[in-house]
Amino acid sequence: MKAILIISIILLTYSGTAYSYPESQMDDCVSSALSNPATKSISENAIKNYCDCALKAIIDEDKDVRESGYECAQKNFN
């Protein structure tokens, strides 16, 4: 019984990150932002964080697209 408990704890501890949105949406968001002339001075890491924030808000929290984009831009680009 202890072995099952230990194995369960190990499996839960080392589980990977799960996203509710497809990787293709993240790729589309990042490529779109990178091709936008207004975001040329912003790092790719900041853009990825922005896209992750926006996609989570839109998909997980069912927030408005425009509102989510604005809030995430303020968090990641300022």
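Structural data are supplied above this passage.
Residues numbered from 1 in each chain as written. Predicted model: local features only at pLDDT ≥ 70, side-chain atom pairs only at ≥ 80, totals over all residues. Heavy atoms only, no water.

We now examine the overall build of the chain. Of regular secondary structure, the chain possesses 4 helices and 0 strands. A globule of 78 residues ought to have a C-alpha radius of gyration of about 12 Å, yet the chain, at 17 Å, is considerably larger. Based on the C-alpha atoms only, the size of the chain along its principal axes is roughly 60 × 25 × 25 Å. Looking at the 78 residues of the chain, the share that counts as buried comes to 23%. (Helix = DSSP H or I, 4+ residues; strand = E, 2+ residues; numbered from the N terminus. Rg over C-alpha atoms; globule rule 2.2 N^0.38 Å. Buried < 20%, exposed > 50% of the residue type's maximum accessible area, 1.4 Å probe, protein only.)

Attention now moves to helix α3 (residues 44-60). Here α3 contains 17 residues, and its C-alpha end-to-end distance of 23 Å stays within 8% of the 24 Å for a straight helix at 1.5 Å per residue. The set of residues buried in α3 consists of Ala46, Ile47, Tyr50, Cys51, Asp52, Cys53, Ala54, Leu55 and Ala57. At its buried positions, α3 is contacted by α2 (23-35) and α4 (65-77). Two residues or fewer after α3 comes aspartate 62, characterised by a positive phi angle close to 55°. (Expected span 1.5 Å × (residues − 1). Contact = heavy atoms within 4.5 Å.)

This next bit is on the packing of α3 against α4. As a packed pair, α3 and α4 sit with axes 9 Å apart at the nearest point and diverge in direction by 145°. Both α3 and α4 take part in a crossing whose hand is right-handed. When α3 is examined against α4, the residues Ala46, Ile47, Asn49, Tyr50, Cys53, Ala54, Ala57 and Ile58 are found in contact with a partner set consisting of Val65, Ser68, Gly69, Cys72, Ala73, Lys75, Asn76 and Phe77. Of the residues assigned to the contact of α3 with α4, the class counts are 11 nonpolar, 4 polar and 1 charged. (Axes fitted to C-alpha atoms, helices over the stretch in contact; angles between N-to-C directions. Left-handed = near helix turned anticlockwise from the far one by under 90°. Nonpolar A, V, L, I, M, F, W, Y, C, P; charged D, E, K, R; others polar.)

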